[in-house]
Amino acid sequence: MPNLKDVVMFTLEISLSPSALASIKAHVGKNLPDVKSSHRCEAIGRGLGFHTYASALARAGSHTPPTVRVDGAAFTSYLVAHGFAVSGFALYRAAAGAALATIADAHPILTIWGIGSGQPRRTSGGRWETVEETVAKFRQYRADLIADGAINPFLASLALLRNVPMTKTIRNGTGSYLIKHIAENYPCTYPDGEELGPDYVPNGALIAAAIQAGFRYKTHIDERGYHDVNVSFNMSKPTIVDLDCEFRPNGARAQQRRNKLEARRYQFGLRM
């Protein structure tokens, strides 16, 4: 396993479809309005690994859209050479937003809180939610998954998941709710050094990051027949325990480990 203290950045690769490229262009334009449009486009092309924006556009429209690695340094370098001192922050966030939209399209019941929106709840007045209210809540949670507020948690989760080996099967003890708590305690940055975490991570943003990283997941049904918002992954359970102990020393797993060590010391003392 890599040295956990050294792995503090994410790697972001996206499928460059025409819609993804259009989304990136719009997002960068919104966040860098003072940069000339032509310079923004050419910087995007470089940041996605192409010599020009036109070549990026051509490849995006090909029969098999390429998978590209987002390179904030190349994006920044082009703009600095043309008199605009910016970081790669805008490109990374734009590409992450496009990735979240792609994931949401492919997983139609994924929301910002996980799978679905949970069981119907009582309102503040004590009555149960109506069907219309439950549907409206689900739609809002879906919108939140692809909103700007989900981007940083998504990228922070990607940074954490670089530490986690993939297993052949989905394991117990790899629940998304546990891992999202580890992710929100994980110190990480953007590749150019801008601070990213620790910060709050919604369960659905962690699940989206796991999907983006290539992990598979298993859903669960609760006692009333609704989707549990949490899922399990094909991830190494020992690594997750190590991460929990490293970054959540007061977490449940860390306490369990301390209890086991104390029990072993006690047994060893008895034998002595």
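From a predicted model like this one, the values you see are computed outputs, not experimental measurements.

**Digging into the nonpolar core**
Here comes step 1: Membership of the largest hydrophobic core comes to 73 residues, with the highest contact counts inside it found for L12, I24, F154 and L155.
Here comes step 2: In terms of residue count, the dominant contributor to this core is helix 5 (residues 89–106) (eleven residues).
Here comes step 3: When sequence neighbours within four positions are dropped, the list of residues in contact with F154 reads L12, A96, A99, L100, I103, A205, A208, A209 and Q212.

**Things to note about the pattern of salt bridges**
Here comes step 1: Applying the stated criterion to the full structure yields seven salt bridges.
Here comes step 2: We note a salt bridge from K30 to D148, for which the minimum N-O separation is 3.3 Å. One end of the pair, K30, is in helix 1 (residues 18–31); the other, D148, is in the loop between helix 6 (131–145) and helix 7 (151–161), and 118 residues separate them in sequence.
Here comes step 3: Classification of D148 by relative accessible area gives partly exposed; the value is 36%.

**What to know about the confidence of the model for the protein chain**
Here comes step 1: Looking at the protein chain as a whole, the pLDDT averages 90, with 89% of positions reaching at least 70.
Here comes step 2: Within the model, pLDDT remains below 50 along residues 1–5, and this stretch shows twelve contacts once partners closer than five positions in the same chain are excluded.
Here comes step 3: In this model, residues 266–272 is a region of pLDDT below 50 whose contacts with residues beyond four sequence positions or in other chains number zero contacts.

**Overview of the environment of A95**
Here comes step 1: Within the secondary structure layout, A95 lies in helix 5.
Here comes step 2: A sequence separation of 26 residues divides A95 from R69, and the C-alpha atoms of the two residues are 9.8 Å apart.
Here comes step 3: Once residues within four sequence positions are removed from consideration, A95 is found in contact with L12, I14, I24 and V70.

Calculation notes
Residues numbered from 1 in each chain as written. Predicted model: local features only at pLDDT ≥ 70, side-chain atom pairs only at ≥ 80, totals over all residues. Heavy atoms only, no water. Core = buried A, V, L, I, M, F, W, Y, C linked by side-chain atoms within 4.5 Å. Buried < 20%, exposed > 50% of the residue type's maximum accessible area, 1.4 Å probe, protein only. Helix = DSSP H or I, 4+ residues; strand = E, 2+ residues; numbered from the N terminus. Contact = heavy atoms within 4.5 Å. Salt bridge = Lys/Arg side-chain N within 4 Å of Asp/Glu carboxyl O. pLDDT = per-residue confidence, 0-100.

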